[in-house]
Amino acid sequence: MLFNSLTFVVFFAVVLTAYWSMRSWNARKNLLVIASYVFYGAWNPPFAALLFSTTAMDFWLGKRIAKAKERHSRRVWLVGSVCMNLSMLGFFKYGNFLLQNFQWLLARIGIIYQPPHLDILLPVGISFYTFHSLSYTLDIYRGVLQPTKSLRDFVLAVSFFPQLVAGPIVRAGDFLPQLVRPPGLRAGQFLWGLLLMTLGLFEKIVLADTMLSGSADRIFGYAGPLAALDSWLGVMAFAGQIFFDFAGYSTCAIGAALCLGFHLKDNFRFPYAAIGFSDFWRRWHISLSTFLRDYLYIPLGGNQVRPVRAATNLVIVMFLGGLWHGAAWTFVVWGLLHGSYLVVERVIRVFFENKEWASNLTTRLLAGFATYVAVCVAWVFFRASDFTNAARMLRGMFGGHAHGDAILTTREMLQIALVTAGMILVHWSLRDSNIETAVTRLPRWVVTAAWALMACAIILTQGNSNAFIYFQF
Amino acid sequence: MPSSTSNFKRRLRLPRLFFRKPSQFESVHGGPPLEYERPIPRLAWRGITVVVVLIVIAGTCAWEFYCRSIGYGPTLNDNEDLWTMTRRRVKPESVVIIGDSRAWFDLDLDELQKGLGKRPVQLAMGGGCAYPVLADLANDENFHGTIVCSVVPRLFVAPPGTPPMERGEKAVRRSHTQTPAQRASQYLAMPLEEHVAFLKQEELTLDDLLKRLPIPNRPYAQVPPRLPPYFGTLDPERRSRMIEECARPGSELQRRIQQIWLPLFTPPPPPTYIPREDFGKKMGAAIEARFHDVAAAVQKLRARGGKIVFVRFPHSGELKKLEDRETPRAGIWDRLIKETGAPGIYYEDYPELSGFNCPEWSHLSAGDSVEFSKRLVPHLRRALQL
């Protein structure tokens with residue numbers, strides 16, 4: 001079920017009404033479990049069984065890890081959980097990719113092998129709920145979380161519908177405590193939740209789908225040489241589209257959870273105002289970057305190892321982060337590019353961090369601009385359908401096509417320029433703050449006008465139920 | 001528990017989950033204590049919400065009245081979900097109409113039901129290529145009914161990757177992959193679309209309104225062709241009828257649509273990055289492949305006892321001249337009939353079918369479509385040996 005669909009509007013209204021009219025906390029939690037499975041099953045009912053089975057397995061494995069006294073047996077149970085989750089992910093998401101690469105490798109040594117094409121349907125949101133579930137066993141193993149006694153609570157923690165299919169990746173350790181006692185609604189919480197949902201839908205339907213996606217699709221789908229201006233505008237359009245699409249989903253999820261009395265953390269903090277790439281990853285898809293940091297980077301040694309090893313660890317983490325996004329080498333290159341950006345940034349910091357000029361406004365602005373440009377270059381690999389497409393885009397961007405085609409209309413160019421300029425302005429003006437503080441400072445009439453305008457714009461676009469980009473991950 | 005905005009920095013602190021022993025509370029309740037609570041801006045939320053709701057209701061009503069005042073009326077949107085809903089009505093022995101908007105506007109289901117003894121299922125789609133639907137029906141082992149296929153040559157041989165093909169492919173794909181949520185959304189949307197005039201997915205959305213802004217373009221900018229404005233209504237069976245304003249002789253709407261058809265039916269120039277000769281060869285190969293694929297699909301259908309008849313529907317004025325020039329009968333129509341061995345009804349061959357005038361050059365008015373269907377029935381019966 002999509003947030004931007006009529007079905008969700010009716011579904012959410014029914015769930016909210018039933019939820020807040022129930023007195024028993026257990027009944028409410030039962031309702032949320034049923035609602036979450038209906039939400040997920042409305043896409044493909046049989047996969048709800050898959051979701052339940054992985055959740056139930058992790059619940060059981062969590063108990064085994066906690067009960068095991070010896071370090072060795074704890075590790076065995078954890079490995080079981082990790083293998084179960086990753087093999088599920090590997091089969092559904094990477095099955096065909098692995099077969100194709102195996103075929104390619106065999107062909108290199110002269111063996112012709114024609115693998116069967118596995119007609120595998122990717123369960124929506126599998127990358128997200130696998131990580132929700134995996135965080136539980138990992139935290140129990142690390143000794144920072146006690147297993148919950150209630151299967152129902154754990155099922156709800158993994159499948160809570162606002163964050164189920166496209167994040168944020170909410171760790172069981174962050175959500176289970178919220179199930180201990182019934183949440184109270186603070187003054188304004190419900191309506192603030194609704195405003196956040198409006199903002200999220202506005203970002204998705206109006207800014208991503210209406211203002212930017214058409215231009216990005218046209219540029220990335222063009223088979224000929226492109227002029228530099230059009231190439232850059234296409235990439236900027238995609239940079240904006242993916243931000244508004246994904247941040248829009250996260251904002252909707254946070255808003256929906258707030259309406260139900262739950263608190264989810266921010267998944268984005270104005271990433272296009274990042275100065276440097278480590279700053280970017282503290283602001284972009286925070287729930288994934290912190291997940292990778294805590295469960296992969298730190299166990300690999302983190303910063304407590306030699307610089308070369310730390311750099312290698314960074315690249316490994318970003319390689320896997322890229323692969324998490326999709327079963328294609330273009331995603332891997334995107335991840336590796338970010339990994340190399342992070343390494344280069346570390347080297348630069350060693351030399352220039354203590355210089356006085358390094359922290360003045362001009363340097364910061366220039367560094368912010370350079371970060372944005374480098375991130376845009378990396379987006380080329382993320383969006384391109386293959387390396388030929390990516391190479392053509394990059395050639396266009398860096399003047400490789402002297403007489404490239406100028407295909408964008410003036411309206412499209414204006415839309416990209418205005419939305420991108422507005423986005424970057426907002427990100428820079430709020431980079432050290434948050435949306436709640438900004439709204440508190442605004443005059444009441446501005447908040448009213450902005451909310452009404454966003455709602456009217458959503459109605460005007462009539463929401464054609466385009467799926468969120470991150471659903472495919 | 002912190003509650004004011006003055007110390008929200010404390011609240012934004014990430015839970016200290018790492019490498020610490022669980023407290024007694026955690027051991028009992030199964031997790032670390034909640035350390036994170038989202039700040040809520042302190043504003044007069046109730047007052048704000050009331051004003052927002054009033055503005056949104058007023059704005060929506062004003063937009064609805066404005067759209068009605070300029071000629072729009074409520075009707076269903078033709079999307080993949082409505083198509084899928086109709087596709088589900090296809091029974092093994094159904095009569096199914098496929099193809100483009102001419103079959104959509106020009107065939108009256110009541111008249112065809114009277115004449116053929118079965119109520120046809122309308123699967124034609126505006127600006128769509130018939131092939132993906134034909135292939136889908138041919139591959140449907142349960143189907144051995146009758147297909148009435150409209151042929152507009154340019155749309156019929158549209159190569160893969162072009163909008164007419166994509167339209168058909170998207171609809172067919174949706175019919176195989178539609179989720180329960182998409183199905184529910186369609187059921188919820190239909191009553192709204194039947195009563196609200198501004199719900200026009202291909203015309204009155206923000207995107208479409210922006211496209212109409214009169215902004216000059218660079219010389220070689222690829223401006224997508226304009227599509228005709230609202231001129232027909234659609235019912236739940238997907239029967240389309242031309243609105244009166246469009247059928248009224250000399251109306252402004254009629255003139256506007258006529259001028260839109262001409263560029264839309266003119267072949268676009270080949271892409272700059274492919275030599276003209278190569279492009280021509282590529283197109284030729286794509287058309288040959290289409291003939292081959294259609295013939296194979298027809299053969300498959302017939303092998304199960306199914307029947308198909310191709311129909312060329314009336315068109316008039318400058319558009320007819322353009323179509324006759326760009327896609328002459330001898331080119332695609334005759335070849336199609338020859339390759340498939342299927343019966344064909346070319347309206348110009350029969351005086352009782354060729355006397356109709358299309359008000360906007362491409363489709364019959366609602367009234368004429370009833371008469372045309374009545375006159376077409378005997379030809380269909382003969383061609384299908386009913």
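The shown structure was predicted, so the numbers you read here are calculated from the model rather than taken from an experiment.

Here we take up the overall build of chain B. Helix and strand content of chain B: 18 helices and seven strands. Computed over the C-alpha atoms, the radius of gyration of chain B is 27 Å, more than 25% above the 21 Å expected from 2.2 N^0.38 for a compact globule of 386 residues. Considering only C-alpha atoms, chain B reaches an extent of 90 × 50 × 50 Å along its principal axes. Split into buried and exposed, the 386 residues of chain B put 48% on the buried side. On chain B, roughly 18600 Å² of surface is accessible, and the fraction owed to carbon and sulfur atoms is 58%. Averaging the coordinates of the 55 positive side-chain charges in chain B and doing the same for the 45 negative ones gives two points 7 Å apart.

All names here are of chain A. Following both chains from N to C, one finds helix H3 (residues 45-67) and helix H5 (residues 126-142) inclined at 5 degrees, their axes separated by 9 Å at the closest point. By the angle between their directions, the pair H3 and H5 is classed as roughly parallel. On H5, the residues that touch Leu 50, Leu 51, Thr 54, Thr 55, Asp 58, Phe 59, Leu 61, Gly 62, Ile 65 and Ala 66 of H3 are Tyr 129, Ser 133, Leu 134, Tyr 136, Thr 137, Ile 140 and Tyr 141. For the contact of H3 with H5, the residue count by class is 11 nonpolar, five polar and one charged.

Glancing now at a nonpolar patch on the surface. Together, Val 344, Val 347, Ile 348, Val 350, Phe 351, Phe 352 and Trp 357 of chain A make up a nonpolar patch on the protein surface, roughly 710 Å² of accessible area in all. Note on placement: Val 347 of chain A falls in helix H13 (residues 329-352).

Our focus in this paragraph is the domain arrangement of chain A. Residues and elements named next belong to chain A. According to the domain assignment, chain A contains domain 1 (6-102 + 125-179) and domain 2 (190-472). Once you take the C-alpha centre of each, domain 1 and domain 2 turn out to be 27 Å apart. Contact with domain 1, which involves 36 residues of that partner, is made by 32 residues of domain 2. Across the interface of domain 1 and domain 2, roughly 3000 Å² is buried in total on both sides, 70% from carbon and sulfur atoms. Among the residues of domain 1 in contact with domain 2, Phe 97, Pro 168 and Arg 171 are the three that bury the most area, contributing 19% of the side total. Summed over the shared surface of domain 1 and domain 2, the result is two salt bridges. If you look at where domain 1 meets domain 2, you find 12 residue pairs in polar contact (both at pLDDT 80 or more). At the level of secondary structure, the elements contributing two or more residues to the side of domain 1 that touches domain 2 comprise helix H1 (6-21), helix H2 (25-41), helix H4 (71-108), H5 and helix H7 (172-175). With seven residues, the single largest contributor to the side of domain 1 that touches domain 2 is H5. Here the side of domain 1 that touches domain 2 is built from residues that sort into 24 nonpolar, seven polar and five charged.

A word on the pattern of salt bridges. Evaluation of the coordinates by the stated rule reveals 43 salt bridges over all chains. For Arg 174 of chain B, the salt bridge is made with Asp 81 of chain B, and the minimal N-O distance between the two is 2.8 Å. Pair noted here: Arg 174 of chain B is in helix H9 (residues 163-177) and Asp 81 of chain B is in helix H4 (residues 80-87), with a separation of 93 residues, a long-range link. The burial state of Arg 174 of chain B is the same as that of Asp 81 of chain B; both residues are buried. Asp 324 of chain B serves as the salt-bridge partner of Lys 320 of chain B, at 2.7 Å between the closest nitrogen and oxygen. Remark: Asp 324 of chain B and Lys 320 of chain B occur in helix H15 (residues 317-326); sequence separation between them is four residues, near one turn of the helix. Classification of Lys 320 of chain B as buried rests on a relative accessible area of 18%. Asp 324 of chain B sits in the partly exposed class, given a relative accessible area of 31%. Here the salt bridges share partners, and the residues they tie into one network are Asp 279, Arg 283, Arg 431 and Asp 432 of chain A.

Residue and element names in this part refer to chain B. Assigned domains of chain B: these are domain 1 (44-72) and domain 2 (74-211 + 225-383). Taking only C-alpha atoms, the centre of domain 1 and the centre of domain 2 are 37 Å apart. In this complex, domain 1 contributes seven residues to the contact, which on the side of domain 2 involves 10 residues. Counting the surface lost from both domain 1 and domain 2, the interface buries some 780 Å², and carbon and sulfur atoms represent 70% of this. Looking at the side of domain 1 facing domain 2, the largest losses of area belong to Trp 63, Glu 64 and Tyr 72, adding up to 69% of the total buried there. Taken together, domain 1 and domain 2 are joined by zero salt bridges. Put simply, domain 1 and domain 2 have four residue pairs in polar contact (both at pLDDT 80 or more) between them. Grouping the amino acids of the side of domain 1 that touches domain 2 by side-chain chemistry returns three nonpolar, two polar and two charged.

What follows concerns the sheet that holds strand E6 (residues 307-312) of chain B. Paired through backbone hydrogen bonds, the strands of a sheet run either parallel or antiparallel to each other. All names here are of chain B. With parallel pairing, the five strands of this open sheet are ordered in space as E2-E1-E3-E6-E7. Unpaired on one side and paired on the other, strand E2 (121-122) and strand E7 (344-346) mark the two borders of the sheet. Where strand E1 (residues 95-98) lies against E2, two bridges are found, and the strand directions are parallel. From the neighbouring strand, Ile 97 faces E2, where its bridge partner is Gln 122. Sheet strands in contact with helix H7 (residues 131-139) are E1, strand E3 (146-150) and E6, and its direction is about 155 degrees off that of E1.

Residues and elements named next belong to chain B. Listing the buried residues of helix H16 (residues 333-340) in full gives Trp 333, Leu 336 and Thr 340. On an axial view of H16, the arc spanned by its buried residues comes to 60 degrees, and they lie on one face. Among the structural elements, helix H8 (153-156), helix H14 (276-303), E6 and E7 are those in contact with the buried residues of H16. Just past H16, the residue Gly 341 takes up positive phi, approximately 70 degrees.

At the interface, 77 residues of chain A touch 70 residues of chain B. Both sides of the chain A and chain B interface together cover about 6300 Å² of buried area, and 66% of this is carbon and sulfur. On the surface where chain A and chain B come into contact, there are four salt bridges. Note that Glu 37 of chain B is salt-bridged to Arg 186 of chain A, the shortest N-O span being 2.7 Å. Counting across the chain A and chain B interface gives 20 residue pairs in polar contact (both at pLDDT 80 or more). Of all the elements, helix H18 (residues 444-461) of chain A adds the most residues to the side of chain A that touches chain B, at 10 residues. Residue classes in the side of chain A that touches chain B are distributed as 38 nonpolar, 22 polar and 17 charged.

What counts, and where the lines are drawn
- Residues numbered from 1 in each chain as written.
- Chains lettered and ligands numbered in written order.
- Predicted model: local features only at pLDDT ≥ 70, side-chain atom pairs only at ≥ 80, totals over all residues.
- Heavy atoms only, no water.
- Helix = DSSP H or I, 4+ residues; strand = E, 2+ residues; numbered from the N terminus.
- Rg over C-alpha atoms; globule rule 2.2 N^0.38 Å.
- Buried < 20%, exposed > 50% of the residue type's maximum accessible area, 1.4 Å probe, protein only.
- Areas by Shrake-Rupley, 256 points an atom, 1.4 Å probe, with all protein chains shown as cover.
- Lys, Arg positive; Asp, Glu negative; His and termini not counted.
- Charge placed at Lys NZ, Arg CZ, Asp CG, Glu CD.
- Axes fitted to C-alpha atoms, helices over the stretch in contact; angles between N-to-C directions.
- Parallel < 35°, antiparallel > 145°, perpendicular 65-115°, else oblique.
- Contact = heavy atoms within 4.5 Å.
- Nonpolar A, V, L, I, M, F, W, Y, C, P; charged D, E, K, R; others polar.
- Patch = residues over 30% accessible without salt bridge, like charges linked within 9 Å, V, L, I, M, F, W, Y side chains within 5 Å.
- Salt bridge = Lys/Arg side-chain N within 4 Å of Asp/Glu carboxyl O.
- Domains from an automatic or database assignment.
- Buried area = accessible area lost by both parts, 1.4 Å probe.
- Polar contact = N/O pair within 3.5 Å; in protein donor to acceptor, adjacent residues only side chain to side chain.
- Pairing = 2+ DSSP bridges.
- Arc of directions from axis to C-beta.

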